[in-house]
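Inside the fold
One-letter residues, chain by chain:
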Amino acid sequence: MKNFTSFFLILWFFPCFAFTQTLIQGRVQQTNGEALPGTVIRVSGKTLESDAAGNFQIELPAGRHTFRASHIGFQTFRQLITVQKSPSQKLIITLNEFIENLQEVSVREGADRSVKPMADVQGTYLLSGKRSEVISLNQVDANIPEKNIRQVFAKIPGAFAYDMDGSGNQINLATRGLDPHRGWEYNIRTNGVLTNSDLYGYPASHFSLPLEAVERIELVRGNASLQYGAQFGGMLNYVLKGPDSSRAVAYETINSIGSFGLQSTFHRLSGTVGKLSYNAYYHRRTSDGYRKNGNSIAEGQFVSLNYAFRSNLVLRAELGRSYYQYHIPGPLTDAQFAQDPRQSTRSRNYFSPDIYLPSLRLDWTISPRTTLQATASAVLGQRNSVTFEGFATRLDTISRVTGQYANRQVDRDQFHSYTFETRMLHRYQIKRVSATFIGGVQLINNDLHRRQLGRGTTGTDYDLSITGDYGRDMHYKTQNIAFFAENLFQITPQFSLTPGIRVETGVTNLSGRLAYTDASAIPPKLIHRFPLLSINGQYRLSKSVNLYGGWAQAYRPAVFKDIIPGSILERANPNTSDARGSNAEMGIRGKEFDDRLTFDITAFDLLYRNRLGSQIITEGTKSFIYKTNIGDSRTRGIEAYAEYAFIQRPRTRVSVFTSTSYMDGRYSKGFVSNGAENINISGNRIESVPRWISRNGLQVSHQGFSTTLQYSYVSKTYADPLNTVKPSATGGVGLVPAYGLIDWYATYRLNRSLTIRGGISNLTNKSYFTKRPTMYPGPGIWSSDGRSVQLTVGLKI
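Residues numbered from 1 in each chain as written. Predicted model: local features only at pLDDT ≥ 70, side-chain atom pairs only at ≥ 80, totals over all residues. Heavy atoms only, no water.

Some details on the pattern of salt bridges
Operational definition: Whenever a carboxyl oxygen of Asp or Glu lies within 4 Å of a side-chain nitrogen of Lys or Arg, that contact is scored as a salt bridge. Each helix is a run of H or I in the DSSP string that is no shorter than four residues. Each strand is a run of E no shorter than two, and both are numbered from the N terminus. With a 1.4 Å probe rolled over the protein chains alone, any residue whose accessible area is under 20% of its type maximum counts as buried; one over 50% counts as exposed, and the rest are partly exposed.
In this structure the tally under the stated criterion is 35 salt bridges. Residues D396 and R348 are paired through a salt bridge, measuring 2.9 Å at the closest nitrogen-oxygen approach. Taken as a pair, D396 in the loop between strand 23 (370-387) and strand 24 (409-430) and R348 in the loop between helix 4 (334-339) and strand 22 (349-367) lie far apart in primary sequence, 48 residues in all. Under the relative-accessibility criterion, D396 is labelled buried at 12%. Shared partners join several salt bridges into a network, and the residues in it are R131, E133, R176, R221, E585, D600 and E639.

Some details on the environment of L276
Test applied: Between two residues, a contact is recorded if the distance between any of their heavy atoms is within 4.5 Å.
Turning to its location among the elements, L276 is positioned in strand 19 (residues 276-287). Exposure remark for L276: the relative accessible area of 35% places this residue in the partly exposed category. Other than its neighbours up to four places away in sequence, L276 contacts G271, L305, N306 and Y307.

A look at the pairing of strand 41 (residues 739-749)
Cut-off, in case you're wondering: The pairing criterion for strands is at least two bridges between them, as found by DSSP.
Bridge count for strand 38 (residues 705-714) against strand 41 is 10 bridges, and the pairing is antiparallel. Of the residues in strand 41, the one forming a bridge with Y713 is G740. Alignment of strand 41 against strand 42 (residues 754-761), held across six bridges, turns out to be antiparallel. Counterpart to Y745 in the pairing with strand 42 is G759. Between strand 41 and strand 42, which follow one another and run antiparallel, lie four residues.

Observations concerning the packing of aromatic side chains
As a reminder of what qualifies: Centres within 6.5 Å are what make two rings of Phe, Tyr or Trp a pair, Trp counting through its six-membered ring; a difference in plane orientation under 30 degrees is then read as stacked, over 60 as edge-to-face, and the rest as tilted. The criterion is that NZ of a Lys, or CZ of an Arg, lies within 6 Å of the ring centre and within 35 degrees of the ring normal, and then a charge sits over that ring.
Summed over all chains, the structure comprises 14 aromatic pairs. An angle of 35 degrees between the planes, with centres 4.7 Å apart, marks the rings of Y739 and Y768 as tilted. Within this pair, whereas Y739 is found in strand 41, its partner Y768 is found in the loop between strand 42 and strand 43 (788-796), the two being separated by 29 residues in sequence. Grouping residues by exposure puts Y739 and Y768 together as buried. Taken together, F266, Y281 and F302 form an aromatic cluster joined through their ring pairs. The cationic tip of R423 hangs over the ring face of Y125; the distance from NZ or CZ to the ring centre is 3.9 Å. Over the face of the ring belonging to Y162 we find K771, whose NZ or CZ atom lies 4.9 Å from the ring centre.

Some words on the nonpolar core
The criterion, for reference: In this description, a nonpolar core means a group of buried Ala, Val, Leu, Ile, Met, Phe, Trp, Tyr and Cys residues linked to one another through side-chain atoms lying within 4.5 Å.
Counting residues in each nonpolar core, the largest one holds 53 residues, and the members touching the most others are F153, I217, L236 and Y238. Those elements giving two or more residues to this core turn out to be helix 3 (149-152), strand 13 (186-190), strand 15 (214-220), strand 16 (234-240), strand 22, strand 26 (472-490), strand 27 (495-514) and helix 5 (560-563). Sequence-distant contacts of L236, defined by excluding residues within four places in its chain, comprise F153, L173, Y186, N187, I188, R189, I217, E218 and L219. V28, L48, F56 and I93 belong to the second largest nonpolar core, which has 18 residues in total.

Structure below.
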């Protein structure tokens, strides 16, 4: 341990003993001189991105180097530049906008549409040697208004989609066999701002963005998690469309209609006036839903103001809001699903989060080698539900005695989650070894106020009124501080190594009342104190192909729901332990055959100790859900993405792709109760982890037209650790059958201003479901959408 401590202390102090080196100090700008942030620069096998002021720095030996810079909506820059033998050298790269005619649009549409990794150094993040992907939404033919996960994330191998919140309301996503419930195994961000409602109390993200507002989605697997959190899944960052930097006012509107009453409208204003730039949108979507009593309404607003005090000092203030109300149709039994997957077992259940996301961020390029970023943000709002709970076999009917429905249950969460994060990036030289250091601190101060088991009304509308007190009224207050550091050592031009460390220390205090049990059974305090280590490396086989791999520890605290029963259907083990484990991966990625073939293939091993789970257990005639540590698990697998362009011309591109994963997720040890005795589940498969997820497609782009025909397959899964095959009478456990789906979508850009998009999801009208949940929105089968048609028209002025 002493050697480890000395090694990681060296990482912190290396920058203090840095040597001077020759440095390219670059800036990317438009033809009018305005900065162009987010430009991807590639040179000598290295990839980086310009910062908020359009600046970038890179160390290169003297000689001739080919610089390539690309940005959406601009012509690609490519030029051979001579690097002089001097301490530093200035470089200005100017990108020209595409001319608004069909010929130029055709060039853009014939461009490479493959998924690419993030830059090795992006902003104040180090991503060298780690698996990452960037999804550019303007290159995706997909059902954007309803956030169809299998289409949007089609080229992300192992992306498991869970349908539970109604079409378009929430993205429930997981990779590597983790829990997809509102992505709570991820550190989820918007423009780099944390959106998880409460990482230590309820880590789900209820902030739901309209994808019409998103420019790209960045997905980083768990090996890079020490830089932003301790999550097993990694980071999922939604980068919004930025302000128009070429004019004072620009307007965009995107409007959609579709099956099951879909109506969606999106409006965005942006522009730049002197040193001030702005971006604002309004979104509203309504839908009747695929199932009866499955209607929803969603709204979102957002405003961003950026002020450049100087070219190297930019202040950004943002405020976003996300709201939706979902009419929950209730779970189904297997018999009900077979009879009619669109039927409903509940007509009076509702769920509605209303979340605000304020943030203030400062980007300061202190010197060509040093960048500082400081962000203060909050997640403020509430998550409310009013439900008649129970299995599908428990009928919600009017009493013959009272002439009324039974009283419903009201649950309310209030989030006050505050985060301050400061990050520094510093480039330096140790003799002939170039190095990049990042370090920072993250402060979290959260208060989750959870009021549940309120006796609600007997009515049928969304009414949060209660009679008497809540059965549970508790505060879950967390204060936590984390220090993190990583250092990229470019040992040779081909080989780099990046060790890292994260140290967290904090405490969660619980207080309040429980009407149904002795509060003394609940621990008054939870301590979070742990170090996490990582090591990642990358070796470039050629300018376009590299090997990468690494190992990183991970941690997930036992959250509110793991400790305290969430409803009358649940019980929880008060001695539940935190989950710990690690991610390991090794892969190869790049391009071959004149860039016609793009590939990224990774082998991974995810170790999850003290796994938190749930089972449905029967005692006598009563069934309930038990929350506890159910053992250790290990998921090993392969993630493979490959795309080959048969035709790749300036105006035309025809390609096929496969995004396929194999996952072998099993419990290595553990015991669970079947109601009568403890059963050893060692060797059993982890619930909701399919062996195979495969998405395969044909894509054609010609001039302003592009289309994608896609087939998706997900193999069977189990709903519980006991690997129950025969479905229960309630539908709560049993096999989840395999399913295959066909989607077709197309986009036509008449010119730079007008875009038409449309398609058919689930072309063969397959009846299927993705999971049998044991928690919200209720145990049983939740039907996924059948065949649906969508049409979207977008206009830019």
